[in-house]
Amino acid sequence: WRDWEGAPYSTLVPSDEVTINYRHGLPVITLMLPTRSERCQFTVKPVVTTVGAFLQDVQREDKGIEKAEVLAADGSKISDATLMEVLLMNDFKLVLNNTAYNVSPPVKDKLSSEHATEMEDIKSLVHRLFVALHLEDHQIRKERELLQKLDHLKGELLPLEQMKARIMDSADAKTSRLLWVGLALMSTQGGALAWLTWWVYSWDIMEPVTYFITYGSAMAFYAYFVLTKQDYIYPHAKDRQFLHYFYRKSKKQRFNVERYNKLKDDLAETEESLRRLRQPLQLRLPIQEINDKD
(Lines give C-alpha, C1' and ligand atoms only; values in the text may rest on other atoms or scores of the structure.)
Protein backbone atom coordinates (compact mmCIF):
# COMPACT_ATOMS: atom_id res chain seq x y z
CA TRP A 1 0.00 0.00 0.00
CA ARG A 2 1.28 3.46 -0.95
CA ASP A 3 0.26 6.96 0.07
CA TRP A 4 -0.83 9.65 -2.37
CA GLU A 5 2.82 10.70 -2.93
CA GLY A 6 3.80 7.13 -3.83
CA ALA A 7 5.67 6.30 -0.60
CA PRO A 8 4.83 2.86 0.86
CA TYR A 9 3.16 2.57 4.28
CA SER A 10 4.92 0.34 6.73
CA THR A 11 1.69 -0.99 8.27
CA LEU A 12 -1.91 -1.45 7.13
CA VAL A 13 -4.12 -1.92 10.22
CA PRO A 14 -7.54 -3.69 10.15
CA SER A 15 -10.71 -1.63 10.61
CA ASP A 16 -11.35 -2.75 14.21
CA GLU A 17 -8.40 -0.60 15.43
CA VAL A 18 -10.50 2.52 14.69
CA THR A 19 -14.18 2.34 15.65
CA ILE A 20 -17.01 4.83 15.31
CA ASN A 21 -20.01 4.75 17.65
CA TYR A 22 -22.78 7.27 18.20
CA ARG A 23 -23.63 8.70 21.59
CA HIS A 24 -26.44 11.22 22.03
CA GLY A 25 -26.55 11.61 18.27
CA LEU A 26 -22.85 12.54 17.88
CA PRO A 27 -20.14 10.28 16.39
CA VAL A 28 -17.40 9.16 18.77
CA ILE A 29 -14.19 8.03 17.02
CA THR A 30 -12.02 5.71 19.12
CA LEU A 31 -8.44 5.01 17.98
CA MET A 32 -5.06 3.90 19.32
CA LEU A 33 -2.58 6.77 19.63
CA PRO A 34 0.59 5.46 17.92
CA THR A 35 3.28 6.89 20.21
CA ARG A 36 1.35 6.91 23.49
CA SER A 37 0.00 3.35 22.98
CA GLU A 38 -3.35 4.15 24.51
CA ARG A 39 -6.89 4.36 23.15
CA CYS A 40 -8.46 7.78 22.91
CA GLN A 41 -11.99 8.90 22.06
CA PHE A 42 -12.80 11.95 19.95
CA THR A 43 -16.36 13.30 19.87
CA VAL A 44 -16.96 15.34 16.72
CA LYS A 45 -19.79 17.55 15.55
CA PRO A 46 -20.24 16.34 11.98
CA VAL A 47 -22.15 19.40 10.76
CA VAL A 48 -19.47 21.94 11.77
CA THR A 49 -16.25 19.95 12.28
CA THR A 50 -13.90 19.59 9.30
CA VAL A 51 -11.41 16.84 8.56
CA GLY A 52 -8.55 19.28 9.23
CA ALA A 53 -9.93 20.19 12.66
CA PHE A 54 -10.29 16.51 13.57
CA LEU A 55 -6.69 15.75 12.54
CA GLN A 56 -5.45 18.71 14.58
CA ASP A 57 -7.27 17.36 17.65
CA VAL A 58 -5.56 13.97 17.12
CA GLN A 59 -2.11 15.54 16.79
CA ARG A 60 -2.79 17.68 19.84
CA GLU A 61 -3.44 14.55 21.91
CA ASP A 62 -0.36 12.72 20.60
CA LYS A 63 2.58 15.07 20.06
CA GLY A 64 4.54 12.24 18.44
CA ILE A 65 2.30 12.22 15.34
CA GLU A 66 4.19 14.04 12.60
CA LYS A 67 1.92 13.12 9.73
CA ALA A 68 -1.88 12.86 9.82
CA GLU A 69 -4.18 12.68 6.82
CA VAL A 70 -7.35 11.04 5.54
CA LEU A 71 -7.61 9.12 2.28
CA ALA A 72 -10.61 7.87 0.36
CA ALA A 73 -11.07 4.17 -0.34
CA ASP A 74 -9.39 4.57 -3.74
CA GLY A 75 -6.32 6.18 -2.17
CA SER A 76 -7.04 9.81 -3.12
CA LYS A 77 -6.43 12.42 -0.43
CA ILE A 78 -9.46 14.06 1.17
CA SER A 79 -9.30 17.82 1.64
CA ASP A 80 -8.94 19.20 5.15
CA ALA A 81 -11.93 21.50 4.46
CA THR A 82 -14.31 18.53 3.99
CA LEU A 83 -16.96 18.27 6.69
CA MET A 84 -16.91 15.18 8.88
CA GLU A 85 -20.57 14.62 7.99
CA VAL A 86 -19.51 14.00 4.38
CA LEU A 87 -16.52 11.88 5.40
CA LEU A 88 -18.62 9.56 7.57
CA MET A 89 -20.88 8.66 4.67
CA ASN A 90 -18.32 6.23 3.18
CA ASP A 91 -15.36 4.08 4.19
CA PHE A 92 -12.01 5.86 4.43
CA LYS A 93 -8.42 5.42 5.62
CA LEU A 94 -6.89 7.34 8.50
CA VAL A 95 -3.12 7.72 8.14
CA LEU A 96 -1.05 8.46 11.26
CA ASN A 97 2.72 8.64 10.60
CA ASN A 98 3.34 5.51 8.47
CA THR A 99 0.30 3.55 9.67
CA ALA A 100 -2.96 3.44 7.70
CA TYR A 101 -6.16 2.54 9.52
CA ASN A 102 -9.18 1.19 7.64
CA VAL A 103 -12.34 2.91 8.95
CA SER A 104 -15.89 1.75 8.22
CA PRO A 105 -18.54 4.18 9.61
CA PRO A 106 -21.88 2.68 10.66
CA VAL A 107 -24.71 2.81 8.13
CA LYS A 108 -26.69 6.03 8.55
CA ASP A 109 -30.13 4.47 8.13
CA LYS A 110 -29.45 1.90 10.85
CA LEU A 111 -28.05 4.60 13.05
CA SER A 112 -31.16 6.73 12.72
CA SER A 113 -33.47 3.89 13.73
CA GLU A 114 -31.31 2.92 16.70
CA HIS A 115 -30.98 6.42 18.16
CA ALA A 116 -34.30 7.96 17.13
CA THR A 117 -35.90 7.38 20.55
CA GLU A 118 -32.87 8.71 22.39
CA MET A 119 -32.78 11.87 20.24
CA GLU A 120 -36.48 12.48 20.79
CA ASP A 121 -35.95 12.23 24.56
CA ILE A 122 -33.12 14.75 24.36
CA LYS A 123 -35.23 17.15 22.28
CA SER A 124 -38.08 16.84 24.75
CA LEU A 125 -35.75 17.53 27.67
CA VAL A 126 -34.27 20.59 25.94
CA HIS A 127 -37.78 21.89 25.20
CA ARG A 128 -38.87 21.48 28.82
CA LEU A 129 -35.76 23.27 30.04
CA PHE A 130 -36.35 26.13 27.63
CA VAL A 131 -39.97 26.47 28.71
CA ALA A 132 -39.02 26.38 32.39
CA LEU A 133 -36.42 29.13 31.92
CA HIS A 134 -38.27 31.44 29.54
CA LEU A 135 -42.00 30.82 30.04
CA GLU A 136 -42.43 33.35 32.85
CA ASP A 137 -40.90 36.19 30.83
CA HIS A 138 -42.97 35.19 27.83
CA GLN A 139 -46.15 35.17 29.93
CA ILE A 140 -45.46 38.63 31.35
CA ARG A 141 -44.75 40.07 27.91
CA LYS A 142 -47.78 38.38 26.37
CA GLU A 143 -50.04 39.49 29.23
CA ARG A 144 -48.91 43.09 28.76
CA GLU A 145 -49.72 42.89 25.04
CA LEU A 146 -53.16 41.41 25.70
CA LEU A 147 -53.96 44.06 28.31
CA GLN A 148 -53.00 46.82 25.88
CA LYS A 149 -55.17 45.25 23.19
CA LEU A 150 -58.01 44.90 25.69
CA ASP A 151 -57.84 48.60 26.61
CA HIS A 152 -57.76 49.56 22.92
CA LEU A 153 -60.82 47.46 22.10
CA LYS A 154 -62.75 48.80 25.08
CA GLY A 155 -61.89 52.36 24.02
CA GLU A 156 -63.28 51.71 20.53
CA LEU A 157 -66.36 49.96 21.89
CA LEU A 158 -67.31 52.63 24.44
CA PRO A 159 -68.91 55.15 22.01
CA LEU A 160 -70.53 52.30 20.07
CA GLU A 161 -71.98 50.85 23.25
CA GLN A 162 -73.46 54.22 24.18
CA MET A 163 -74.98 54.66 20.72
CA LYS A 164 -76.31 51.10 20.78
CA ALA A 165 -77.95 51.69 24.17
CA ARG A 166 -79.78 54.77 22.84
CA ILE A 167 -80.93 52.90 19.72
CA MET A 168 -82.13 49.92 21.80
CA ASP A 169 -84.10 52.20 24.13
CA SER A 170 -85.77 53.83 21.14
CA ALA A 171 -86.56 50.50 19.46
CA ASP A 172 -87.88 49.04 22.71
CA ALA A 173 -90.14 52.07 23.26
CA LYS A 174 -91.56 51.81 19.72
CA THR A 175 -92.16 48.08 20.12
CA SER A 176 -93.96 48.62 23.41
CA ARG A 177 -96.13 51.33 21.86
CA LEU A 178 -97.01 48.98 19.01
CA LEU A 179 -98.07 46.29 21.49
CA TRP A 180 -100.27 48.73 23.37
CA VAL A 181 -101.80 49.96 20.11
CA GLY A 182 -102.61 46.36 19.19
CA LEU A 183 -104.30 45.83 22.55
CA ALA A 184 -106.29 49.05 22.12
CA LEU A 185 -107.45 48.05 18.64
CA MET A 186 -108.53 44.60 19.86
CA SER A 187 -110.41 46.19 22.77
CA THR A 188 -112.09 48.66 20.41
CA GLN A 189 -113.06 45.84 18.05
CA GLY A 190 -114.53 43.80 20.91
CA GLY A 191 -116.51 46.81 22.19
CA ALA A 192 -117.81 47.64 18.73
CA LEU A 193 -118.98 44.06 18.12
CA ALA A 194 -120.74 44.00 21.51
CA TRP A 195 -122.47 47.34 20.84
CA LEU A 196 -123.64 46.22 17.39
CA THR A 197 -124.84 42.87 18.76
CA TRP A 198 -126.86 44.06 21.75
CA TRP A 199 -127.89 47.63 20.92
CA VAL A 200 -128.01 48.02 17.12
CA TYR A 201 -128.49 44.58 15.55
CA SER A 202 -129.11 41.06 16.82
CA TRP A 203 -126.77 38.08 17.13
CA ASP A 204 -128.33 36.54 14.02
CA ILE A 205 -127.04 39.47 11.96
CA MET A 206 -123.63 39.84 13.71
CA GLU A 207 -122.73 36.13 13.72
CA PRO A 208 -121.61 36.11 10.03
CA VAL A 209 -119.64 39.32 10.65
CA THR A 210 -117.71 37.79 13.56
CA TYR A 211 -117.12 34.65 11.46
CA PHE A 212 -115.49 36.63 8.64
CA ILE A 213 -113.47 38.68 11.16
CA THR A 214 -112.14 35.41 12.68
CA TYR A 215 -111.43 33.98 9.23
CA GLY A 216 -109.62 37.20 8.23
CA SER A 217 -107.45 36.95 11.38
CA ALA A 218 -106.55 33.35 10.48
CA MET A 219 -105.57 34.50 6.98
CA ALA A 220 -103.39 37.25 8.49
CA PHE A 221 -101.58 34.75 10.72
CA TYR A 222 -101.05 32.40 7.76
CA ALA A 223 -99.68 35.30 5.69
CA TYR A 224 -97.25 36.03 8.55
CA PHE A 225 -96.03 32.42 8.38
CA VAL A 226 -95.63 32.57 4.59
CA LEU A 227 -93.55 35.75 4.78
CA THR A 228 -91.41 34.94 7.83
CA LYS A 229 -91.38 31.10 7.82
CA GLN A 230 -92.24 31.27 11.55
CA ASP A 231 -95.36 30.67 13.59
CA TYR A 232 -97.06 33.74 15.00
CA ILE A 233 -95.83 33.43 18.58
CA TYR A 234 -96.12 36.65 20.53
CA PRO A 235 -92.56 36.75 22.03
CA HIS A 236 -91.02 35.92 18.61
CA ALA A 237 -93.16 38.51 16.87
CA LYS A 238 -92.16 41.11 19.46
CA ASP A 239 -88.43 40.33 18.98
CA ARG A 240 -88.80 40.50 15.20
CA GLN A 241 -90.46 43.91 15.38
CA PHE A 242 -87.80 45.10 17.83
CA LEU A 243 -85.00 44.12 15.40
CA HIS A 244 -86.86 45.86 12.58
CA TYR A 245 -86.95 49.12 14.53
CA PHE A 246 -83.35 48.63 15.74
CA TYR A 247 -81.80 48.21 12.26
CA ARG A 248 -83.87 51.02 10.81
CA LYS A 249 -82.75 53.37 13.58
CA SER A 250 -79.11 52.15 13.23
CA LYS A 251 -79.14 52.98 9.55
CA LYS A 252 -80.43 56.51 10.25
CA GLN A 253 -77.77 57.17 12.91
CA ARG A 254 -75.02 55.39 10.90
CA PHE A 255 -74.38 52.80 13.56
CA ASN A 256 -72.09 50.12 12.01
CA VAL A 257 -73.53 46.86 13.36
CA GLU A 258 -70.94 44.67 11.59
CA ARG A 259 -68.01 46.63 13.03
CA TYR A 260 -69.59 46.50 16.48
CA ASN A 261 -70.00 42.71 16.27
CA LYS A 262 -66.40 42.33 15.05
CA LEU A 263 -65.09 44.36 18.00
CA LYS A 264 -67.18 42.33 20.43
CA ASP A 265 -65.79 39.08 19.01
CA ASP A 266 -62.21 40.39 19.25
CA LEU A 267 -62.85 41.50 22.83
CA ALA A 268 -64.21 38.08 23.82
CA GLU A 269 -61.25 36.32 22.15
CA THR A 270 -58.74 38.61 23.89
CA GLU A 271 -60.38 38.06 27.28
CA GLU A 272 -60.33 34.28 26.71
CA SER A 273 -56.64 34.39 25.75
CA LEU A 274 -55.86 36.43 28.87
CA ARG A 275 -57.79 33.96 31.03
CA ARG A 276 -55.87 31.02 29.55
CA LEU A 277 -52.56 32.85 29.99
CA ARG A 278 -53.26 33.30 33.69
CA GLN A 279 -54.08 29.60 34.07
CA PRO A 280 -50.81 27.70 33.37
CA LEU A 281 -52.54 24.30 33.31
CA GLN A 282 -54.68 25.42 30.35
CA LEU A 283 -52.02 27.49 28.59
CA ARG A 284 -51.25 24.83 25.98
CA LEU A 285 -54.84 23.65 25.42
CA PRO A 286 -56.94 24.82 22.47
CA ILE A 287 -59.93 27.05 23.25
CA GLN A 288 -62.42 24.45 21.96
CA GLU A 289 -61.06 21.82 24.35
CA ILE A 290 -61.30 24.22 27.31
CA ASN A 291 -64.90 25.09 26.40
CA ASP A 292 -65.77 21.39 26.22
CA LYS A 293 -64.34 20.87 29.70
CA ASP A 294 -66.27 23.85 31.08
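Refer to the structure presented above.
In this report, we go over the structure that sits alongside the text. (Residues numbered from 1 in each chain as written. Predicted model: local features only at pLDDT ≥ 70, side-chain atom pairs only at ≥ 80, totals over all residues. Heavy atoms only, no water.)

Some details on the packing of aromatic side chains
Phase 1 of the analysis: Applying the stated criterion across every chain yields a total of seven aromatic pairs.
Phase 2 of the analysis: For the pair Phe 246 and Tyr 247, a centre-to-centre distance of 5.7 Å together with 90 degrees between the ring planes defines the contact as edge-to-face.
Phase 3 of the analysis: By relative accessible area, which is 8% here, Phe 246 ends up buried.
Phase 4 of the analysis: What makes Tyr 247 partly exposed here is its relative accessible area of 47%.
Phase 5 of the analysis: Plain terms: the ring middles of Phe 255 and Tyr 260 are 5.7 Å apart, the flat faces sit at 50 degrees to each other, and that makes the pair tilted.
Phase 6 of the analysis: Grouping aromatic residues by their ring pairs yields a cluster made of Phe 242, Phe 246, Tyr 247, Phe 255 and Tyr 260. (Phe/Tyr/Trp six-rings, centres within 6.5 Å; stacked < 30°, edge-to-face > 60°. Buried < 20%, exposed > 50% of the residue type's maximum accessible area, 1.4 Å probe, protein only.)

A few points about the sheet that holds strand S4 (residues 38-43)
Phase 1 of the analysis: Reading across the sheet, the three strands line up as S2-S3-S4 and stay open at both edges, with antiparallel pairing between neighbours. The sheet terminates laterally at strand S2 (19-23) and S4, the two strands that pair on one side only. Each strand of the sheet is rotated relative to its neighbour by a mean of 30 degrees, with strand direction disregarded.
Phase 2 of the analysis: Taken together, the six bridges between strand S3 (residues 26-33) and S4 define a ladder with antiparallel strand orientation. Of the residues in S4, the one forming a bridge with Met 32 is Arg 39.
Phase 3 of the analysis: Here helix H1 (residues 51-61) sits on the sheet in contact with S3 and S4, set at roughly 145 degrees to S4. (Pairing = 2+ DSSP bridges. Helix = DSSP H or I, 4+ residues; strand = E, 2+ residues; numbered from the N terminus. Axes fitted to C-alpha atoms, helices over the stretch in contact; angles between N-to-C directions. Contact = heavy atoms within 4.5 Å.)

Regarding the pattern of salt bridges
Phase 1 of the analysis: In the structure shown here, the tally under the stated rule is seven salt bridges.
Phase 2 of the analysis: As a salt-bridge pair, Lys 264 and Glu 161 come within 3.4 Å of each other at their nearest N and O atoms. One end of the pair, Lys 264, is in helix H6 (residues 257-277); the other, Glu 161, is in helix H3 (residues 108-200), and 103 residues separate them in sequence.
Phase 3 of the analysis: Taking relative accessible area as the criterion, Lys 264 reaches 33% and is therefore assigned partly exposed. (Salt bridge = Lys/Arg side-chain N within 4 Å of Asp/Glu carboxyl O.)

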